[in-house]
Amino acid sequence: MEYRYGKNINYEDFSSGRVLYHVKGMTNFPVRLAQEIYRRCLEHSPKKNDIALYDCCCGGGYLLTVLGFLNQDTIRKIIGSDIDMEMLNVAEKNLSLLHEEGINKRIAEIEQMIASFQKQSHIEARKSAIKLKSMIRSSIEFKLFHADALKEINLGEKPDIIITDLPYGNLVDWNSDEENVIDKLLDSLHGICSSDTIIGICMDKKTKVRNEKFIRLERQKIGKRKFEILRKR
Ligand SMILES: C[S@@+](CC[C@H](N)C(=O)[O-])C[C@H]1O[C@@H](n2cnc3c(N)ncnc32)[C@H](O)[C@@H]1O
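In what follows, the accompanying structure is described. (Residues numbered from 1 in each chain as written. Predicted model: local features only at pLDDT ≥ 70, side-chain atom pairs only at ≥ 80, totals over all residues. Heavy atoms only, no water.)

**Details of the pattern of salt bridges**
Evaluation of the coordinates by the stated rule reveals 16 salt bridges. Across the pair arginine 40 and glutamate 36 runs a salt bridge, and its minimum N-O distance is 2.7 Å. Taken together, the residues arginine 40 and glutamate 36, both in helix H1 (residues 31–44) and four residues apart, mark about one turn of the helix. Grouping residues by exposure puts arginine 40 and glutamate 36 together as buried. (Salt bridge = Lys/Arg side-chain N within 4 Å of Asp/Glu carboxyl O. Helix = DSSP H or I, 4+ residues; strand = E, 2+ residues; numbered from the N terminus. Buried < 20%, exposed > 50% of the residue type's maximum accessible area, 1.4 Å probe, protein only.)

**A look at the packing of aromatic side chains**
In total, this model carries two aromatic pairs according to the counting rule given. For the ring pair phenylalanine 14 and phenylalanine 69, a centre distance of 6.1 Å and an interplane angle of 55 degrees mean the geometry is tilted. Taken together, the residues phenylalanine 14 in the segment before H1 and phenylalanine 69 in helix H2 (residues 62–70) connect sequence positions 55 residues apart. Each member of the pair, phenylalanine 14 together with phenylalanine 69, is buried. Between tyrosine 54 and phenylalanine 145, the ring centres sit 6.3 Å apart and the planes meet at 5 degrees, which makes this aromatic pair stacked. Separated by 91 residues along the polypeptide, tyrosine 54 in strand E1 (residues 51–55) and phenylalanine 145 in strand E3 (residues 141–146) bring together distant segments of the chain. Given the relative accessible area of 0%, tyrosine 54 is considered buried. (Phe/Tyr/Trp six-rings, centres within 6.5 Å; stacked < 30°, edge-to-face > 60°.)

**A word on the site of the ligand**
Taken together, 24 residues form the shell around the ligand, and within it Leu63, Asp82, Asp148, Ala149 and Asn175 come nearest. Between the ligand and the protein, one listed contact pairs an oxygen atom with a backbone N or O atom of leucine 63 at 2.9 Å. Protein contacts shield 97% of the accessible area of the ligand, which totals 600 Å² for the unbound molecule. Looking at the shell around the ligand residue by residue, the class counts come to 13 nonpolar, five polar and six charged. (Near = heavy atom within 4 Å. Polar contact = N/O pair within 3.5 Å; in protein donor to acceptor, adjacent residues only side chain to side chain. Areas by Shrake-Rupley, 256 points an atom, 1.4 Å probe, with all protein chains shown as cover. Nonpolar A, V, L, I, M, F, W, Y, C, P; charged D, E, K, R; others polar.)

**A few points about a positive patch on the surface**
Together, Lys205, Lys206, Lys208, Arg210, Arg219 and Lys221 give the surface a local cluster of positive charge. On the basis of relative accessibility, which here comes to 70%, the residue lysine 206 falls in the exposed class. (Patch = residues over 30% accessible without salt bridge, like charges linked within 9 Å, V, L, I, M, F, W, Y side chains within 5 Å. Lys, Arg positive; Asp, Glu negative; His and termini not counted. Charge placed at Lys NZ, Arg CZ, Asp CG, Glu CD.)

**Some remarks on the sheet that holds E3**
The sheet built from seven strands is open, its strands ordered E3-E2-E1-E4-E5-E7-E6 with mixed pairing. In the strand order of this sheet, the two ends are held by E3 and strand E6 (214–222), each with one partner. Here the strands of the sheet are splayed against their neighbours by 15 degrees on average, with no regard to which way each runs. The sheet contact formed by strand E4 (residues 161–165) and strand E5 (residues 198–204) spans five bridges and is parallel. Residue pairing in the sheet places isoleucine 163 in a bridge with glycine 200 of E5. Lying on the sheet, H1 is in contact with E1, strand E2 (75–82), E4, E5, E6 and strand E7 (225–232); it crosses E7 at an angle near 20 degrees. Across the face of the sheet, H2 comes into contact with E1, E2 and E4 while running at roughly 175 degrees to E2. (Pairing = 2+ DSSP bridges. Axes fitted to C-alpha atoms, helices over the stretch in contact; angles between N-to-C directions. Contact = heavy atoms within 4.5 Å.)

**Things to note about H1**
An α-helix turns once every 3.6 residues. As a result, residues three or four positions apart point the same way. Look at H1: 20 Å from first C-alpha to last across 14 residues, which is about the 20 Å you get at 1.5 Å a residue. With respect to burial, H1 is a largely interior element, 11 of its 14 residues being buried. Among the residues of H1, Val31, Leu33, Ala34, Gln35, Glu36, Ile37, Tyr38, Arg39, Arg40, Cys41 and Leu42 are the ones counted as buried. (Expected span 1.5 Å × (residues − 1).)

**Examining the environment of phenylalanine 227**
Position of phenylalanine 227 relative to the elements: it lies in strand E7. By relative accessible area, which is 0% here, phenylalanine 227 ends up buried. Taking the C-alpha atoms as reference points, phenylalanine 227 and asparagine 175, 52 residues apart in sequence, are found 21 Å from one another. Discounting chain neighbours no more than four positions away, the residues touching phenylalanine 227 are Met1, Leu33, Ile37, Arg40, Ile201, Cys202, Glu218, Arg219, Gln220 and Ile222.

**Brief notes about the packing of helix H4 (residues 100–117) against helix H5 (residues 120–135)**
Interhelical geometry of H4 versus H5 gives an angle of 165 degrees and a closest axis separation of 9 Å. Here H4 is positioned roughly antiparallel relative to H5, judged by the angle of their axes. With respect to the hand of their crossing, H4 and H5 are arranged in left-handed fashion. When H4 is examined against H5, the residues Glu100, Ile103, Asn104, Ile107, Ile110, Glu111, Met113, Ile114 and Phe117 are found in contact with a partner set consisting of His122, Ile123, Ala125, Arg126, Ala129, Ile130, Leu132 and Lys133. The residue makeup of the contact of H4 with H5, split by class, is 11 nonpolar, two polar and four charged. (Parallel < 35°, antiparallel > 145°, perpendicular 65-115°, else oblique. Left-handed = near helix turned anticlockwise from the far one by under 90°.)

Given below as structure tokens:
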């Protein structure tokens, strides 16, 4: 796949555990790829700014937080849900970094670590935190809630873009015994989409996406992953 939007630059300021919070069991999503999927979704969306972005399997909110930093010009609101309460607590901390108060708190935490341990990695983390702080141009609101994405989702609004990295074994698997989970997931997303909502889903490249209620706008393979961009039929 040729990247059209995700710049080939060093994204180490976003490394999980550096400024953004990391806990065991959390997956790392490649930043360049996240940005590529978001911008391709935006290209398909009739709405170009004031975007309400939703992730129905948001985990620790890494993907959403990174997209928030990189897309201050287009995102108005971020919404995330997950079946795992512990992950949602981490997501809350990560998304708070998008606000001055949250990033200042993180800088103070890192400074405390520098004072206690005098480690170079903490000095680098402070530099990254200051860079991330300088990226904040708008105050993106965020909302997190607990939900099983395979059941009816009570979102209360129609998101403009949904981006999600599906569970695919190894680190995180589907918390469900359902067969045809992707089909089931798309059925529940169908209930919260408007006819303009664009969905970008990323998964293991062997996973098949079949659901009559959606049309595929794009499909791309990248290494072991693939992503598909869909819209309601
Ligand atoms: C690949 S991880 C997502 C990581 C996330 N994008 C991030 O940036 O941290 C997949 C997530 O799906 C969640 N999950 C598994 N089954 C679920 C279900 N039935 N409903 C909602 N979330 C589910 C897991 O708890 C996990 O956090």
